Amino acid sequence: MGVTEQVAQAVAHAPMIALLGNPNCGKTALFNRLTGSRQKVANYAGVTIERKEGHFASPQGHPYRVLDLPGAYSLSAHTPDEAITRDVVGGLRANDGSPDVIVCVVDATNLRLNLRLVLEIQRLGLPMILCLNMVDVAKKRGIEIDTAKLARELHMTVVETVAVQSGGEKGLLRALDEMWPVVPVKPQPLAAIDAVSVEDTQREVRRILAAVTKNYHNTDELSEKIDNVVLHPVAGPVILAVLMFLIFQAVFTWAAVPMDMISAGVEGIGQLLSTHMAEGVLRSLLVEGIIGGVGSVLVFLPQILILFFFILILEDCGYLPRAAFLLDRLMGGVGLSGRAFIPLLSSFACAIPGVMAARTIQNPRDRLVTIMIAPLMTCSARLPVYALVIAAFIPEREVWGVSLQGLILFALYFAGIFSAMGVAWFMKRSTGSKAKQALMMELPSYHWPNLRNLAIGLWERAKIFLMRVGTVILTLMVLLWALSSFPGAPAGATHPPIYYSIAGMLGRALEVVFAPIGFGWEICIALVPGMAAREVAVGALGTVYALSQTGDELATSLTPVLASSWSLATALSLLAWYVFAPQCLSTLSVVRRETGDVKYAFMMAGYMFALAYAASFITYHVARTLGA
Amino acid sequence: MTLAPSLINLDALAAGKSGTVVHVAPASGEGADSADLARRLMELGFVPGEKIRMLKRGMPGGEPLAIKVGNATFALRRYEAALVSVQPE
């Protein structure tokens, strides 16, 4: 048996620790501290809530598995996240088995809120360790907690941890070693939790706090001072707007260099293969289908990572809920809550994490509307199409001191945002219910972002994106290559070979539908893979116009071809189409999983198709009337 | 004998003012949603006897509200806050 198998066997039989706590208690930081890179992210069976599991060994060498459960305020679940937490600790999720040990993480500066959950979970009767996290912050504020006394009061092991500090997890590891070997216990039924009222639980919390803490009421003055500025009715929105502007600037300017490097690298590999392989079907598949196709998508990795770099930092330091607070009124105008801001912001990188982030919204209808409008945010996959068409048709000149091309791009982004607001308003109205939506969102204390957590978070995003490139997009590109390569052109052909291929026939059939909005068969061919993954449309256009380059080189040589073969009206119509373009297949499948109903995926594709067609129709005919 | 200031709903508390939670109750005539909301407010710490303070009120319309309860701060909308009765200081 090899070392790897030995490790795998040890891991499979290791006791399972469930890491549990309120949102913002530092639980995930502790999870990262314990497991480092030995963690895997998957989804819970039946729902797309992230299931993070990792493994580690204690100093004495005992192996453990650890499950990072979604944050919860109470086991009387109000969100899908909390329902998962409740079901796992209650042993109701058959696939997960009930945990052997519960490690409950609490924010030492916020025991009044956190201890209630601890008392609730204690009623399940499972072996438990309490991690008094952020003890460093508590000490700095002069809050004294008698850990030994707290352990006596709660009848459980209590350890102090500082999850954001190297070695800050040592206390927990020692406690785990003392507990070894772990004897499995069957949890009490969940009904045991509801046996005591919230008021009685709170009375118990107050009694314990009075007995074990000193200066407990010292509050976080710094956070209040920052909030006085950040939540100020005038300064707050200005800070938010400046921040958003800087983020988008960074996404486009910082990403330029790594994007160039990726496309140059991809091109290099393509050329290397072209020169060393004999011409034929295999070379065509490798160079044009796989390398060209995947390369045109891979190039967005820097932009996605830069956007997530900012989102993760703002999230970690505690700003994002403040942004949601500031925008709550505005979003309330169309019937959404400020909470929808975070999923919608993520959707600018890609709608998939956006749709998944919507699960922090408690109200099911709110959540559904947020999911349905998330793909209207201009995701980075639309950029190559925008960039290509703008470069080909919009002159490089300045209007009121700003670049006209930039202005058009900005307008396209805003068209997406405004239409999303319109759709949200319409959906809220048409669903009829006047029930008021709750906000109920914690504004956690500010703290410095943790670089280790940031790095792990970015790595996860990169992995998810690369998986998508390696599976969905790779498959599509190969399929597209095959459809547009076979059957070959007949003898004496007057059109490019693709005209006679399966893709060409499909394009010509679709032309009947799309001619009224100004799309010829060439565009129709590109639309098909573009529906599966928008960014592929550029590569597809290159294939249609028989250009075999990849990346930047393709864009520069495609620009004059498009400028001479399309009318301006067609170009504008295509831009309008891509503001709404029916969602990519990966997003639709995520929507189905998140909502648990395929109906919503079809609804989304349907309404976006209708909007795209209508917008293009209007754009095309207005442009034609004006002489474009 | 001094008259204690009368109870008000939390959504009426001015920014910067403190008070003590007296009771949390679902809005009369509202359904299970409202009862659920009242329970969740208690789970977040809006329990009778707890000290609270109105930190900030959003603009325009004085909504949402940032309210400190214990050492935690929560953002609520007015109608949620209206379920909480407080004794202002």
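- Where an unreviewed UniProt entry is consulted, chain B appears under the name FeoA family protein, with the organism given as Pseudoduganella chitinolytica.

- In the annotation of an unreviewed UniProt entry, chain A is listed under the name Ferrous iron transport protein B and assigned to Pseudoduganella chitinolytica.

1. Observations concerning the overall build of chain B
Here is step 1 of the chain: Secondary structure assignment for chain B yields two helices and six strands.
Here is step 2 of the chain: Scanning chain B from its N terminus toward the C terminus, one meets helices and strands in the order β-β-α-β-β-β-α-β.
Here is step 3 of the chain: For chain B, buried positions account for 53% of its 89 residues.
Here is step 4 of the chain: Looking at chain B alone, contacts between residues at least 24 apart form 63% of all its contacts between residues at least 6 apart.
Here is step 5 of the chain: Carbon and sulfur atoms form 57% of the exposed surface of chain B, whose accessible area is close to 3,800 Å².

2. Side note on the environment of Ser-76 of chain A
Here is step 1 of the chain: Of note, Ser-76 of chain A is situated in the loop between strand S4 (63-68) and helix H3 (80-89).
Here is step 2 of the chain: Judged by its relative accessible area of 17%, Ser-76 of chain A falls in the buried class.
Here is step 3 of the chain: Ser-76 of chain A has contacts with Glu-82 and Glu-120 of chain A together with Arg-39, Arg-40 and Glu-43 of chain B, leaving out every residue within four places of it along the chain.
Here is step 4 of the chain: At a separation of 2.4 Å, a polar atom in the side chain of Ser-76 of chain A contacts the side chain of Glu-43 of chain B.

3. Concerning helix H9 (residues 221-230) of chain A
Here is step 1 of the chain: Of all the positions in H9 of chain A, only Ser-223, Glu-224, Asp-227 and Val-230 of chain A are classed as buried. Summarising the axial view, the buried residues of H9 of chain A lie within an arc of 130 degrees, below the 170-degree limit, and thus occupy one face. Summarising the geometry of H9 of chain A, the exposed residues directed more than 90 degrees from the buried face are Glu-221, Leu-222 and Lys-225 of chain A.
Here is step 2 of the chain: Here the buried face of H9 of chain A lies against helix H10 (235-253) and helix H14 (320-332) of chain A together with strand S3 (51-57) and strand S4 (65-69) of chain B.

4. Section: the sheet that holds strand S1 (residues 8-9) of chain B
Here is step 1 of the chain: Here we have seven strands laid out as an open sheet, ordered S12(A)-S5(B)-S4(B)-S3(B)-S2(B)-S6(B)-S1(B), and antiparallel in their pairing. The open sheet is flanked by strand S12 (441-442) of chain A together with S1 of chain B, the only strands paired with a single partner.

5. Examining the side chain of Asn-22 of chain A
All names here are of chain A.
Here is step 1 of the chain: Assignment of secondary structure puts Asn-22 in the loop between strand S1 (16-21) and helix H2 (27-35).
Here is step 2 of the chain: Residue classification places Asn-22 among the buried positions, given a relative accessible area of 2%.
Here is step 3 of the chain: Of note is the side chain of Asn-22, whose polar atom sits 3.0 Å from the side chain of Asn-114.
Here is step 4 of the chain: For Asn-22, the contacting residues outside a window of four places in its chain are Gly-71, Ala-72, Tyr-73, Val-105, Leu-113, Asn-114 and Leu-117.

6. Considerations on the side chain of Glu-442 of chain A
Here is step 1 of the chain: Along the chain, Glu-442 of chain A falls in strand S12.
Here is step 2 of the chain: Buried and unpaired, Glu-442 of chain A has Arg-322 of chain A as its nearest opposite-charge partner, separated by 8.5 Å.
Here is step 3 of the chain: One polar contact links Glu-442 of chain A to Asn-24 of chain A, side chain to side chain, over a distance of 3.3 Å.
Here is step 4 of the chain: A polar contact of 2.6 Å, which involves the side chain of Glu-442 of chain A, links it to the side chain of Tyr-73 of chain A.
Here is step 5 of the chain: In this structure, Glu-442 of chain A is in contact with Pro-23, Asn-24, Tyr-73, Asn-110, Leu-113 and Pro-321 of chain A together with Ala-72, Thr-73 and Phe-74 of chain B, ignoring residues within four places of it in sequence.

7. A word on a nonpolar patch on the surface
Here is step 1 of the chain: On the surface, Val-234, Val-238, Val-242, Phe-245 and Leu-246 of chain A cluster together to form a nonpolar patch covering roughly 480 Å² of accessible area.
Here is step 2 of the chain: Relative to the helices and strands, Val-238 of chain A is located in helix H10.

8. Overview of the packing of aromatic side chains
Here is step 1 of the chain: By the definition in use, this model includes 17 aromatic pairs over all chains.
Here is step 2 of the chain: Each ring, one from Tyr-64 of chain A and one from Trp-180 of chain A, has its centre 5.6 Å from the other, and the planes form 80 degrees; the classification is edge-to-face. Here the residue Tyr-64 of chain A occupies a position in strand S4, and Trp-180 of chain A occupies one in the loop between helix H7 (170-179) and helix H8 (198-212), the gap between them amounting to 116 residues.
Here is step 3 of the chain: With 5.9 Å between their ring centres and 65 degrees between their planes, Tyr-73 of chain A and Phe-74 of chain B make a pair best called edge-to-face. Taken together, the residues Tyr-73 of chain A in the loop between S4 and H3 and Phe-74 of chain B in strand S5 (residues 72-76) connect one chain to another. Accessibility assignment for this pair places Tyr-73 of chain A and Phe-74 of chain B in one class, buried.
Here is step 4 of the chain: An aromatic cluster is defined as three or more aromatic residues linked by ring pairs; in this entry it consists of Phe-514, Phe-519, Trp-577, Phe-609 and Tyr-613 of chain A.
Here is step 5 of the chain: A cation over a ring is seen here: Arg-322 of chain A above Tyr-446 of chain A, with NZ or CZ 4.1 Å from the ring centre.

9. Regarding H10 of chain A
Structural remark: α-helix, 3.6 residues per turn; residues separated by three or four positions point the same way.
Residues and elements named next belong to chain A.
Here is step 1 of the chain: For H10, which comprises 19 residues, the first-to-last C-alpha distance of 27 Å matches the rise-based estimate of 27 Å (1.5 Å per residue) to within 8%.
Here is step 2 of the chain: Gly-236, Leu-240, Met-244, Ile-247, Ala-250 and Val-251 are the residues of H10 that are buried. Taken around the axis of H10, the buried residues stretch over an arc of 130 degrees, which confines them to a single face.
Here is step 3 of the chain: Considering only its buried residues, H10 is in contact with H9, helix H13 (301-317), H14 and helix H15 (341-346).

10. Quick look at the pairing of S4 of chain B
All names here are of chain B.
Here is step 1 of the chain: Counting buried positions along S4 gives five out of five residues, so the element sits mostly inside the fold.
Here is step 2 of the chain: The two faces of S4 match: Leu-65, Ile-67 and Val-69 on one face and Ala-66 and Lys-68 on the other face are all buried.
Here is step 3 of the chain: Relative to S4, S3 is paired through five bridges, and the arrangement is antiparallel. Following the sheet pairing, Arg-53 is matched in S4 by Lys-68.
Here is step 4 of the chain: The hairpin formed by S4 and S5 contains two residues between the paired strands, and Gly-70 there has a positive phi angle of roughly 60 degrees.

11. Some thoughts on the interface of chain A and chain B
A common way to state how big an interface is: give the accessible area lost once the parts meet.
Here is step 1 of the chain: Contacts between chain A and chain B engage 42 residues on the former and 34 residues on the latter.
Here is step 2 of the chain: Here chain A and chain B share an interface that buries about 3,400 Å² over both sides, 55% of which is from carbon and sulfur atoms.
Here is step 3 of the chain: The largest share of the area that chain A buries against chain B comes from Phe-325, Arg-329 and Met-440 of chain A, three residues that together contribute 20% of it.
Here is step 4 of the chain: At the boundary of chain A with chain B, the tally comes to seven salt bridges.
Here is step 5 of the chain: Measuring nitrogen to oxygen at the nearest pair gives 3.2 Å for the salt bridge that ties Glu-224 of chain A to Lys-68 of chain B.
Here is step 6 of the chain: Relative to S5 of chain B, S12 of chain A runs antiparallel, the two sharing two bridges.

12. Let's talk about the nonpolar core
Residues and elements named next belong to chain A.
Here is step 1 of the chain: Counting 127 residues, the largest nonpolar core has Phe-341, Phe-519, Trp-566, Trp-577 and Tyr-578 as its most contacted members.
Here is step 2 of the chain: With ten residues, the top contributor of residues to this core is H13.
Here is step 3 of the chain: The contacts of Phe-519, once residues within four sequence positions are left out, are Glu-511, Phe-514, Cys-524, Leu-527, Thr-570, Ser-573, Leu-574, Trp-577 and Ser-616.
Here is step 4 of the chain: Grouped together as the second largest cluster of nonpolar side chains are 42 residues, Leu-20, Leu-111, Ala-138 and Ile-208 included.

Here is what the cut-offs are and how they apply
- Sequence order as written defines the numbering, with residues in each chain counted from 1.
- All chains are assigned letters beginning with A, and all ligands numbers beginning with 1, in the order in which they are written.
- Note on the predicted model: pLDDT of at least 70 is required for a residue's local features to be given, and 80 or more for side-chain atom pairs to be given and counted; whole-chain, interface and lining totals, by contrast, use all residues.
- Side-chain figures throughout are based on the complete set of non-hydrogen atoms in the structure, without hydrogens or water.
- Secondary structure elements are defined from DSSP: runs of H or I of at least 4 residues count as helices, runs of E of at least 2 residues count as strands, and each element is numbered from the N terminus.
- For every residue, the accessible area obtained with a 1.4 Å probe (protein chains only) is divided by the maximum for its type, and the residue is called buried under 20%, exposed over 50%, and partly exposed between those limits.
- Contact criterion: two residues are considered in contact whenever any of their non-hydrogen atoms come within 4.5 Å of each other.
- Here, Shrake-Rupley sampling with a 1.4 Å probe gives the accessible areas, and only protein chains in the shown set may cover a residue.
- Polar contacts, as counted here, are pairs of nitrogen or oxygen atoms within 3.5 Å of one another; within protein the pair requires one atom able to donate a hydrogen and one able to accept it, and residues that are adjacent in sequence qualify only if both atoms are side-chain atoms.
- Working note: the arc is built from the helix axis to C-beta atom directions.
- If DSSP finds at least two bridges between two strands, the strands pair.
- A residue counts as positive if it is Lys or Arg and as negative if it is Asp or Glu; His and the chain ends are not included.
- A pairing counts as a salt bridge when a side-chain nitrogen of Lys or Arg comes within 4 Å of a carboxyl oxygen of Asp or Glu.
- Residues enter patches when their relative accessible area tops 30% and they take part in no salt bridge; the joining distance is 9 Å for like charges and 5 Å for the nonpolar side chains Val, Leu, Ile, Met, Phe, Trp and Tyr.
- Two rings belonging to Phe, Tyr or Trp (six-membered ring only in the last case) form a pair when the distance between their centres is within 6.5 Å. Interplanar angles under 30 degrees mark stacking, angles over 60 mark edge-to-face geometry, and anything in between is tilted.
- By definition here, charges over rings are those cases where NZ of Lys or CZ of Arg is within 6 Å of the ring centre and within 35 degrees of the ring normal.
- In a helix, the anticipated span is given by 1.5 Å times the number of residues less one.
- Values labelled buried area give the accessible surface lost by two parts on being combined, using a 1.4 Å probe and summing over both.
- Nonpolar cores were defined as sets of buried Ala, Val, Leu, Ile, Met, Phe, Trp, Tyr and Cys residues, with membership established by side-chain atoms within 4.5 Å.

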